[in-house]
Amino acid sequence: MSAALVGAIELGGTKINCAIGTGPTDIRAEAIFPTNDPRSTIAAAIDFLQRHSAGLKAVGVASFGPVCLDQNNPKWGYITDTTKPNWSDTAIAPAIRNAMGIDVAFDTDVNGAALGEYRWGALADCPAGLYLTIGTGVGGGLVIDGKPLHGRIHPEMGHLRIKRDPADPFGGTCPFHSDCFEGLVSGPAIMARLGCTLSDVERDSPQRGYVIDALGQSLATLTLILSPHRVVIGGGVAKTPDLHTDAIVATRKWLSGYATIADDFIVPPQLGDYAGVSGAIALAQDMLAVR
Ligand code: ZN
């Protein structure tokens, strides 16, 4: 059976990636719009889908959060109480389903990316595969035997607390916790600390070292709790040269010999910037497969 043709929406905090296809090697149309106010942003995505609606079987949406994933909740498919201005309590999946008249699968952006990498990329051989994005924010998605983990709401891996080096003068940027994973390692945190990106400083600079150390500590904790077979790190900060190699060294330091990890335990996304929309395609196809 050939893979179903579906629409894919990756809704991020700064841009919304839209695509039509059956997988990452068969993208038949794509478009990127800025994430502005909810009304115009969702309208742009719907307009794209409607212009390419011939033969579409379903739509997959992978969204920034927090989101409601509970199918029995009337707010399923909504962004709930986000700190992003004007986006709290916004219907995403229901709006697309109503406009298109076809079924919509919905999950977090990172669960979508994890599923995309599991289906077609770097997590393909991993019964437990973890995807982390480090960019404007930090988030993580876990796919176990091909199914994204939801749990009570969905994981919020970006807000792990970090034991900060007492010599580090930087206090972190998270409005909830200051020095959590996101507050120390996200793109805005790095910019607040350095005044530039991580790529702009020397690999052995102490300030880069603090960021990598916080990353390693977070990865060690996630490795101990979730026991993933591999970790993919994507997002803008993950494009820093040598980041994945340095992350392995820092993670080993924080594991302190308690659990060993291979040199290919932490890798970049094999699907590159297509991990998210590929995941949205996989979400829609998996929903159709269980019908
Ligand atoms: Zn936080």
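Residues numbered from 1 in each chain as written. Predicted model: local features only at pLDDT ≥ 70, side-chain atom pairs only at ≥ 80, totals over all residues. Heavy atoms only, no water.

A.B. asks: Before we go on, may I ask you to explain the overall build of the chain in this structure?
C.D. replies: Helix and strand counts for the chain stand at eight helices and twelve strands. Here the C-alpha radius of gyration of the chain, 19 Å, is about what a compact globule of 291 residues would show, namely 19 Å. C-alpha extents for the chain along the principal axes are approximately 60 × 40 × 35 Å. In the chain, which comprises 291 residues, the proportion classed as buried is 53%. A fraction of 61% describes how many contacts in the chain between residues 6 or more apart in sequence connect residues 24 or more apart. Accessible surface, the chain as shown: approximately 13100 Å² in total, 52% of it carbon and sulfur. Side-chain charges in the chain split into 22 positive and 29 negative, and the spacing between the mean points of these groups amounts to 4 Å. (Helix = DSSP H or I, 4+ residues; strand = E, 2+ residues; numbered from the N terminus. Rg over C-alpha atoms; globule rule 2.2 N^0.38 Å. Buried < 20%, exposed > 50% of the residue type's maximum accessible area, 1.4 Å probe, protein only. Contact = heavy atoms within 4.5 Å. Areas by Shrake-Rupley, 256 points an atom, 1.4 Å probe, with all protein chains shown as cover. Lys, Arg positive; Asp, Glu negative; His and termini not counted. Charge placed at Lys NZ, Arg CZ, Asp CG, Glu CD.)

A.B. asks: Can you walk me through the sheet that holds strand β3 (residues 26–34) in this structure?
C.D. replies: Strand-to-strand pairing in sheets goes through backbone hydrogen bonds, with the strands running parallel or antiparallel. Reading across the sheet, the five strands line up as β3-β2-β1-β4-β7 and stay open at both edges, with mixed pairing between neighbours. Across the chains shown, the open sheet's two edge strands, defined by having one partner strand only, are β3 and β7 (104–108). In this sheet, neighbouring strand axes are inclined to one another by 15° on average, regardless of whether the strands run parallel or antiparallel. With six bridges connecting them, strand β1 (residues 6–11) and strand β2 (residues 15–23) associate as antiparallel partners. Each residue of the ladder has a partner; that of Val 6, found in β2, is Gly 21. (Pairing = 2+ DSSP bridges. Axes fitted to C-alpha atoms, helices over the stretch in contact; angles between N-to-C directions.)

A.B. asks: What am I meant to see in the coordination of the zinc ion here?
C.D. replies: Each donor-metal-donor angle in an ideal tetrahedron of four donors is 109.5 degrees, and each such angle in an ideal octahedron of six donors is either 90 or 180 degrees. All of the protein donors around the zinc ion are His 159 (ND1), Cys 174 (SG), His 177 (ND1) and Cys 180 (SG); their distances to the metal are 2.1 to 2.3 Å. Expressed as a motif, the donor residue spacing for the zinc ion is H-x14-C-x2-H-x2-C. With His 159 in the loop between β10 (147–148) and α4 (181–185) and His 177 in the loop between β10 and α4, the pair connects residues that are 18 residues apart, well separated along the chain. A relative accessible area of 23% places His 159 in the partly exposed class. (Donors = N, O, S within 2.8 Å, 3.2 Å for Na, K, Ca; no water.)

A.B. asks: Is there a simple way to explain the sheet that holds strand β8 (residues 128–134) in this structure?
C.D. replies: Taken together, the five strands give an open sheet; going across it, the order is β10-β9-β8-β11-β12, and neighbouring strands pair in mixed fashion. The open sheet terminates on both sides in strands that have one partner only, identified here as β10 and β12 (266–267). In the packing of helix α3 (residues 109–120) onto the sheet, the strands contacted are β8, β9 (138–144), β10 and β11 (230–234), and the crossing angle to β9 comes to about 45°.

A.B. asks: Where do I start with the pairing of β9 in this structure?
C.D. replies: A regular strand places its side chains on the two faces of the sheet in alternate fashion. Most of β9 sits out of view: six of its seven residues are buried. As paired strands, β8 and β9 are joined by seven bridges and run antiparallel to one another. Among the inter-strand pairings, Leu 130 is bridged to a residue of β9, identified as Leu 142. In textbook terms, the turn of a hairpin is the stretch between consecutive antiparallel strands, and for β8 and β9 this stretch comprises three residues. In this structure, β9 lies alongside β10, joined through two bridges in antiparallel fashion. Bridging across to β10, Val 143 finds its partner in Pro 148. Here β9 hands over to β10 after two residues, with Asp 145 in that stretch at a positive phi of 50°.

A.B. asks: What is the right way to look at the nonpolar core in this model?
C.D. replies: Soluble globular proteins tend to bury their nonpolar side chains together. Counting 33 residues, the largest nonpolar core has Leu 132, Phe 181, Leu 215 and Ile 233 as the members making the most contacts within it. Elements with a minimum of two residues in this core: β8, β9, α4, α6 (206–226), β11 and α7 (243–255). No other element matches the seven residues that α6 contributes to this core. Setting aside its immediate chain neighbours within four residues, Leu 132 contacts Gly 139, Gly 140, Met 157, Phe 181, Leu 219, Leu 222, Val 231, Val 232, Ile 233 and Gly 234. Listed in part, the 29 residues of the second largest apolar core include Leu 11, Ile 42, Ala 45 and Ile 46. (Core = buried A, V, L, I, M, F, W, Y, C linked by side-chain atoms within 4.5 Å.)

A.B. asks: Before we go on, may I ask you to explain the side chain of His 154 in this structure?
C.D. replies: Summarising the element assignment, His 154 is placed in the loop between β10 and α4. A distance of 3.1 Å separates a polar side-chain atom of His 154 from the backbone nitrogen of Val 67. Sequence-distant contacts of His 154, defined by excluding residues within four places in its chain, comprise Pro 66, Val 67, Leu 69 and Thr 108. (Polar contact = N/O pair within 3.5 Å; in protein donor to acceptor, adjacent residues only side chain to side chain.)

A.B. asks: What am I meant to see in unusual backbone geometry here?
C.D. replies: In terms of backbone geometry, most residues other than glycine have negative phi values and most peptide bonds are trans. Going from Gly 65 to Pro 66, the amide bond is cis rather than trans, its omega being 5°. The backbone phi angle of Asn 86 is positive, close to 75°, even though this residue is not glycine. Relative to the helices and strands, Asn 86 resides in the loop between β5 (78–79) and β6 (90–91). Residue classification places Asn 86 among the exposed residues on the basis of a relative accessible area of 64%.

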